[in-house]
Amino acid sequence: MSIIDDITDFIFVLDEPRKADLIVAVGGSHPAIPEKAAELFNQGFAPFLAATGMFSCKLGCFRGTAAKTEIYNKYYATECDFYCDVFIKNGVPRSAVIREDKSEYTRQNADFLRGIVDKRGIKCDTVMVVCKSFHARRCQIFFQSAFGGSRVLMIPVDIQTGEGRDDWFKSEKGIERILGELKRCGEQTNAADILRFAAKTGG
């Protein structure tokens, strides 16, 4: 095993889709994430589909659709608004959609959504989280922490070349992206997160 293999295996978490109680699309501006989530919903993997995110705390507003602007061409005030439009245009009924539109970063995505599903009385034994591939480990940490004893499955999506499991180490940009994500995993994880993991695994 090389350092590249070790970093790759840590950052790029990948699970196979399976029956779940909830599918979550982690907020962003690229339609590939909510499209994948809608695809899983339409395949019958879960009865509810959640859109998360207001906008990046760094930007202070939703920056707009990153691709397929000819299809997703409305004004979107939040990432959640954008994702919900993608869901509806991909055949998801409004009654199945859960909105979380107050979060500005990943931990809030998870924590705020947990509060919403608890208020609605939705039991979440298994949660599938759809996110950018390089974002999978950080999402796993926060969603596993927020959803306690639930099984959290990661369904990553490659957004662009040079930032995926097989090619991140081939360019300076890709390396910087993944090392930055590795750093954020360490900086943003706290003792409570680790204790919750330990309790879940019996460690």
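Structure report, in brief. (Residues numbered from 1 in each chain as written. Predicted model: local features only at pLDDT ≥ 70, side-chain atom pairs only at ≥ 80, totals over all residues. Heavy atoms only, no water.)

1. What to know about the packing of helix α4 (residues 106-119) against helix α5 (residues 136-146)
Turning to step 1, where the next piece is worked out: Close contact between α4 and α5 brings their axes to 9 Å; oriented N to C, the two are set at 30°. In this view, α4 runs roughly parallel relative to α5, as classed from their interaxial angle. The two elements α4 and α5 cross, and the hand of that crossing is right-handed. Together, T106, R107, N109, A110, D111, L113 and R114 of α4 and R138, C139, F142, F143 and A146 of α5 make up the contact between the two elements.
Turning to step 2, where the next piece is worked out: Along the lines of polarity and charge, the residues of the contact of α4 with α5 split into six nonpolar, two polar and four charged. (Axes fitted to C-alpha atoms, helices over the stretch in contact; angles between N-to-C directions. Helix = DSSP H or I, 4+ residues; strand = E, 2+ residues; numbered from the N terminus. Parallel < 35°, antiparallel > 145°, perpendicular 65-115°, else oblique. Left-handed = near helix turned anticlockwise from the far one by under 90°. Contact = heavy atoms within 4.5 Å. Nonpolar A, V, L, I, M, F, W, Y, C, P; charged D, E, K, R; others polar.)

2. Let's talk about helix α2 (residues 32-42)
Turning to step 1, where the next piece is worked out: Of all eleven residues making up α2, eight are buried, and the element is well covered by its neighbours.
Turning to step 2, where the next piece is worked out: Buried residues of α2: A32, I33, P34, E35, A37, A38, L40 and F41, and no others.
Turning to step 3, where the next piece is worked out: Next to the buried residues of α2 lie β1 (22-25), β2 (49-52), α3 (79-89), β4 (126-132) and β5 (151-157).
Turning to step 4, where the next piece is worked out: Positioned one or two residues after α2, G44 has a phi angle of 85°, which is positive. (Buried < 20%, exposed > 50% of the residue type's maximum accessible area, 1.4 Å probe, protein only.)

3. Digging into the layout of surface pockets
Turning to step 1, where the next piece is worked out: By volume, the largest pocket amounts to about 820 Å³.
Turning to step 2, where the next piece is worked out: In this structure, the largest pocket is lined by 31 residues; those nearest its centre are S56, T106, K132, H135 and R138.
Turning to step 3, where the next piece is worked out: For the lining of the largest pocket, the secondary-structure elements that each account for two or more residues are α3, α4, β4 and α6 (172-188).
Turning to step 4, where the next piece is worked out: The element that contributes the greatest number of residues to the lining of the largest pocket is α6, accounting for four residues.
Turning to step 5, where the next piece is worked out: A class-by-class count of the residues in the lining of the largest pocket yields eleven nonpolar, eleven polar and nine charged.
Turning to step 6, where the next piece is worked out: Volume-wise, the second largest pocket comes out at about 160 Å³.
Turning to step 7, where the next piece is worked out: Of the residues belonging to the lining of the second largest pocket, the class tally is five nonpolar, one polar and four charged. (1 Å grid on protein atoms, 1.4 Å probe; cavity = no way out; pocket = protein on both sides within 12 Å on 5 of 7 lines; lining within 4 Å. Points joined across faces, edges and corners; volume = space filled by probe spheres on them.)

4. Points about the nonpolar core
Turning to step 1, where the next piece is worked out: Among the nonpolar cores identified, the biggest contains 32 residues, and I23, F87, V92, M128 and V130 are the most heavily contacted of them.
Turning to step 2, where the next piece is worked out: Elements with a minimum of two residues in this core: β1, α2, β2, α3, β4 and β5.
Turning to step 3, where the next piece is worked out: The residues contacting V130, other than those within four sequence positions of it, are I23, V24, A25, V26, I33, K36, A37, L40, I155 and V157. (Core = buried A, V, L, I, M, F, W, Y, C linked by side-chain atoms within 4.5 Å.)

5. Some points on the pairing of β1
Turning to step 1, where the next piece is worked out: Residues L22 and V24 point to one face of β1 and I23 and A25 to the other, with burial holding for every one of them.
Turning to step 2, where the next piece is worked out: Pairing geometry for β1 and β4, over four bridges, is parallel. Following the sheet pairing, V24 is matched in β4 by V129.
Turning to step 3, where the next piece is worked out: Relative to β2, β1 runs parallel, the two sharing three bridges. By the bridge assignment, V24 is partnered in β2 with A50. (Pairing = 2+ DSSP bridges.)

6. Here's the deal with the packing of aromatic side chains
Turning to step 1, where the next piece is worked out: What the rule picks out here adds up to seven aromatic pairs.
Turning to step 2, where the next piece is worked out: Summarising the aromatic geometry, the rings of F82 and Y83 are spaced 5.7 Å apart at their centres and angled 55° between planes, so their arrangement reads as tilted. This pair shows no difference in class: F82 is buried, exactly as Y83 is.
Turning to step 3, where the next piece is worked out: Ring-pair connections join several aromatic residues into one group, and the members of that group are F62, Y72, Y76, F82 and Y83. (Phe/Tyr/Trp six-rings, centres within 6.5 Å; stacked < 30°, edge-to-face > 60°.)

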